[in-house]
Amino acid sequence: MNETIMKHFHAWGYQSFKYLVYILLAINVYLFFSEEWLASEVVFANGVSMDTIIEAFSSTIDTAAWLVLLLLFELETYVLDDDKIVGKTKLALHSIRGLCYLIILYAFYGYLTKVGLVGQFTLHSVTDLCTLPADWKYMETLNVYNAFTHETCKSLSAAHSEFYYHPDYKVVTDAQSLMDVKMLAWVDAINSAAWVSVVMMLEVDVHIQLGNISSKLWSKYNLYVKVTVYSILLLAAIYWGVTGNFVEFWDAFLWLVAFVLIEMNMFEWQAEIAEKKAHQ
């Protein structure tokens, strides 16, 4: 009796932890939106159009789509029985998942546009930032743009000898900050590409489990591929942590935990199928 109670308690604790992670990821969608909303008021001072929305809110859109996709994988690998994933249910799951894939690829394009945007900064002739018009902003990091005060423009001008600006926006920054922003933009893009790889791997795993496809090659080498991709994601998280980008680090950490939990769902799913086959 005590052993049964303990098993139920551990199962309840595991599920509670898993859904807590999902809730924290939902909160991160809001945090990214708040950060990108402030940045968009500077970079897109004339307003965000449908053409530029992915550039302005790439992290928000990407994270929201991933959250929906994560919940779909949770449904398919844990909540729903295999015999329930048929007909309209199967069509609905695959349709929503397909839409999420399109959004994720669109967000990946958004990250690439940010790489291109920061690559367009060029050397400014100004040496005294206090001579710039009052509506100019100082780019501290990728999504942080600060207004000038008399004190900050004097201190920044004294600390740096060269400044860079974007020809299309009233934004200026120093050489070190620009280098840091370029690195962050590239890490964002590489991280996004790695997550696209993760979802492709999970898609293959799900279809193998459902018996739709089979691949001896994938069965043999999938562990090595997954270790490589997840290592890239871990390195990106470490980079954000070291450079002080806490929101990005926290988000990356939660996503790694979330997809490890999905991988554990896969293991349980495989064990259930193997058990059913053994009793047939």
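Rules behind the numbers
- Along each chain, residues carry numbers from 1 onward, in the same order as the chain's sequence is written.
- Given that this is a predicted model, residues contribute local features only at a pLDDT of at least 70 and side-chain atom pairs are listed and counted only at 80 or more, while totals for whole chains, interfaces and linings are drawn from all residues.
- The basis for the side-chain values is all heavy atoms of the structure; hydrogens and waters are excluded.
- Pairing between two strands requires that DSSP report at least two bridges joining them.
- Helix and strand labels come from DSSP, where a helix needs a run of H or I of at least four residues and a strand needs a run of E of at least two; each type is numbered from the N terminus.
- Lines fitted to the C-alpha atoms define the axes, with helices restricted to the stretch that makes contact. Angles between their N-to-C directions range from 0 to 180 degrees.
- Here, a salt bridge means any side-chain nitrogen of Lys or Arg that lies within 4 Å of a carboxyl oxygen of Asp or Glu.
- Partly exposed describes any residue whose relative accessible area lies between the buried limit of under 20% and the exposed limit of over 50%, with all areas from a 1.4 Å probe on protein chains only and scaled to the type maximum.
- Cavity means a closed set of points on a 1 Å grid over the protein atoms alone, one where a 1.4 Å probe fits but cannot get out, pocket means an open set with protein on both sides within 12 Å along at least 5 of 7 lines, and lining means a residue has an atom within 4 Å of a point.
- Grid points are joined across faces, edges and corners, and a volume is the space filled by probe spheres set on the points.
- Think of it as three bins: nonpolar holds Ala, Val, Leu, Ile, Met, Phe, Trp, Tyr, Cys and Pro, charged holds Asp, Glu, Lys and Arg, and polar takes everything else, Gly as well.

The next thing to look at is the sheet that holds strand β5 (residues 171-174). In space, the 5 strands of this open sheet follow the order β1-β4-β5-β2-β3, with mixed pairing throughout. Among the strands making up the open sheet, the edge pair consists of β1 (122-124) and β3 (144-147). Adjacent strand axes in the sheet meet at a mean angle of 45 degrees, parallel and antiparallel pairs treated alike. As defined by bridge partners, strand β4 (residues 163-165) adjoins β5 across 3 bridges and the pair is classed as antiparallel.

What follows is about the pairing of β3. As judged from the 4 bridges shared by strand β2 (residues 137-141) and β3, these two strands associate in the antiparallel manner. When the sheet's bridge partners are listed, Y138 is paired in β3 with N146. Where β2 folds back on β3, the antiparallel hairpin that results is connected by 2 residues.

We now examine the pattern of salt bridges. Counted according to the given criterion, the structure contains 4 salt bridges. A salt bridge links E74 to K18; the shortest N-O distance between them is 3.0 Å. With E74 in helix α3 (residues 58-79) and K18 in helix α1 (residues 2-43), the pair connects residues that are 56 residues apart, well separated along the chain. Judged by relative accessible area, which is 3%, E74 ranks as buried. Residue classification places K18 among the buried residues on the basis of a relative accessible area of 0%.

This part covers empty space enclosed by the protein. The full count for this structure, using the stated rule, is 1 cavity of 30 Å³ or more. Reported here for the largest cavity is a volume of approximately 170 Å³. Around the largest cavity, the lining comprises 15 residues; the ones closest to its centre are V43, E55, K114, L117 and Y145. Among the secondary structure elements, those contributing two or more residues to the lining of the largest cavity are α1, α2 (53-56) and α4 (87-118). The residue inventory of the lining of the largest cavity, partitioned by class, reads 9 nonpolar, 3 polar and 3 charged.

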